[in-house]
Amino acid sequence: MEGFSLAKNIQEVRQRIRISAMKNGRNLEDVKLIAVSKTVDAEMIKLALKENILDFGENKVQEMTKKADILTESVNWHFIGRLQTNKVKYLIGNVGLIHSLDRYELAQEIQRKSEQVDSVTNVLVQVNVAEEKTKAGVLCEQVSEFVREISLFKNIKINGLMTIAPYTDNAEELRPYFRKLYKIHIDIKQKSIDNISMKYLSMGMSNDFHVAIEEGANMVRVGTAIFGERDYSQR
Ligand SMILES: *Cc1c(COP(=O)(O)O)cnc(C)c1O
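This text gives an overview of the structure that appears in the document. All of these numbers come straight from a predicted model, not from anything done at the bench.

**Thoughts on the site of the ligand**
Taken together, Val36, Lys38, Ile80, Ile164, Met205, Ser206, Arg221, Val222, Gly223, Thr224 and Arg230 make up all the residues around the ligand. Here Lys38 contributes a side-chain N or O atom positioned 2.6 Å from an oxygen atom of the ligand. For the ligand, whose accessible area on its own is 390 Å², the fraction buried by protein is 91%.

Structure (structure tokens):
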């Protein structure tokens with residue numbers, strides 16, 4: 001942790017977002033920054049709130065709800081991990097956006113639990129853009145049909161698409177994948193399907209968000225570049 005400065009990291013990330021956004025004619029404000037706070041404690045989240053970070057991403061339901069209980073500040077939580085149907089009930093009413101809707105049964109459960117408390121749950125459809133066997137997500141050619149199916153659920157509101165790009169040291173290699181999802185995003189937007197919005201395209205993490213933004217991402221999920229390397233033993 002030597003030399004670690006949260007404020008400086010956030011400033012640098014914002015500057016990089018600004019530069020990439022400008023490359024395709026947008027501003028810093030056009031790209032929503034989600035600080036991925038998995039493994040990071042509530043005290044650190046408080047410090048990030050002071051730097052005007054309002055959105056936090058978590059990939060474990062219990063970890064998210066635990067931190068939400070500790071914090072007195074109101075936080076906009078993003079659930080970005082693989083979601084088991086039996087955990088949905090803990091998220092409903094506590095989460096701003098679920099990024100990882102990847103299957104019909106999960107939508108059925110989100111619908112059921114949302115209806116019970118008379119709320120509408122915001123989701124993104126997760127797309128497995130590189131068709132990796134180990135990754136969750138709807139395949140590219142199925143996204144449009146899947147979105148139509150989910151649009152029929154009254155208590156679910158699709159807000160856009162999300163992807164986790166393949167792991168690589170060279171972010172440039174990911175450009176075609178980001179471009180492909182941007183195109184799908186635009187195609188669906190142009191269909192003007194009832195009860196859905198294509199407001200957000202969530203793609204890009206610490207190592208690749210600059211490329212993702214250049215290719216049209218307007219929501220990035222950044223952990224390491226803000227909070228430093230994660231220590232999973234502390235979780
Ligand atoms: C951990 C995680 C991130 C952030 O990764 P970094 O490389 O630390 O920026 C983004 N998205 C998802 C889905 C994650 O699980």
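Having put the structure on the table, let's press on.
**Concerning the pairing of strand β7 (residues 196–202)**
Along any regular strand, the residues point their side chains to alternate faces of the sheet. When you tally the buried positions in β7, you get six out of seven residues, the bulk of the element. Read from strand β6 (residues 156–162) through helix α7 (residues 175–191) to β7, the crossover connection turns out right-handed.

**A closer look at the side chain of Gln111**
Take Gln111: it is sitting in helix α5 (residues 104–116). For Gln111, a relative accessible area of 10% corresponds to the buried category. Apart from the residues within four sequence positions on either side, Gln111 is in contact with Phe153, Lys154, Asn155 and Ile156.

**Some points on α7**
Side chains three or four residues apart in an α-helix point the same way, a direct result of the helix having 3.6 residues per turn. Between its first and last C-alpha, α7 extends 25 Å over 17 residues, near the 24 Å set by a 1.5 Å rise per residue. Within the span of α7, buried status applies to Arg175, Phe178, Leu181, Ile184, His185 and Ile188. Elements that come into contact with the buried residues of α7 comprise α6 (143–151), β6, β7 and α8 (209–214). Positive phi appears at Ser192, one or two residues downstream of α7, with a value of about 45°.

**A look at the packing of α6 against α7**
With their axes 10 Å apart at the nearest point, α6 and α7 run at an angle of 45° to one another. Our classification of the angle between α6 and α7 gives oblique. Like other packed secondary-structure pairs, α6 and α7 cross with a definite hand, here right-handed. Judged by residue contacts, Val143, Ser144, Val147 and Arg148 of α6 engage Ile184, Ile188 and Lys191 from α7. Here the contact of α6 with α7 is composed, by residue class, of four nonpolar, one polar and two charged.

**Things to note about unusual backbone geometry**
The residue Asp118 is not glycine, and still its phi comes out positive at about 55°. Along the polypeptide, Asp118 turns up in the loop between α5 and β5 (121–126). Since its relative accessible area comes to 70%, Asp118 is described here as exposed. The phi torsion at Ser192 lies on the positive side, around 45°, for a residue other than glycine. Along the chain, Ser192 turns up in the loop between α7 and β7. The exposure class assigned to Ser192 is exposed, which follows from its relative accessible area of 59%.

**Looking at the pattern of salt bridges**
Applying the stated rule across the entire model yields 15 salt bridges. The closest approach of N and O atoms between Lys32 and Asp55, which form a salt bridge, is 3.4 Å. Here the residue Lys32 occupies a position in strand β1 (residues 32–36), and Asp55 occupies one in strand β2 (residues 55–58), the gap between them amounting to 23 residues. In this structure, the salt-bridge partner of Arg175 is Glu214, at a minimum N-O distance of 2.8 Å. Placement of Arg175 in helix α7 and of Glu214 in helix α8 is noted, with a sequence separation of 39 residues between them. An identical accessibility class is assigned to Arg175 and Glu214; each is buried. A cluster of three or more residues bridged by salt bridges with shared partners is formed by Lys23, Glu172, Arg175, Arg179, Glu214 and Glu215.

Calculation criteria
Residues numbered from 1 in each chain as written. Predicted model: local features only at pLDDT ≥ 70, side-chain atom pairs only at ≥ 80, totals over all residues. Heavy atoms only, no water. Near = heavy atom within 4 Å. Polar contact = N/O pair within 3.5 Å; in protein donor to acceptor, adjacent residues only side chain to side chain. Areas by Shrake-Rupley, 256 points an atom, 1.4 Å probe, with all protein chains shown as cover. Buried < 20%, exposed > 50% of the residue type's maximum accessible area, 1.4 Å probe, protein only. Helix = DSSP H or I, 4+ residues; strand = E, 2+ residues; numbered from the N terminus. Right-handed = clockwise from strand over helix to strand, strands pointing away. Contact = heavy atoms within 4.5 Å. Expected span 1.5 Å × (residues − 1). Axes fitted to C-alpha atoms, helices over the stretch in contact; angles between N-to-C directions. Parallel < 35°, antiparallel > 145°, perpendicular 65-115°, else oblique. Left-handed = near helix turned anticlockwise from the far one by under 90°. Nonpolar A, V, L, I, M, F, W, Y, C, P; charged D, E, K, R; others polar. Salt bridge = Lys/Arg side-chain N within 4 Å of Asp/Glu carboxyl O.

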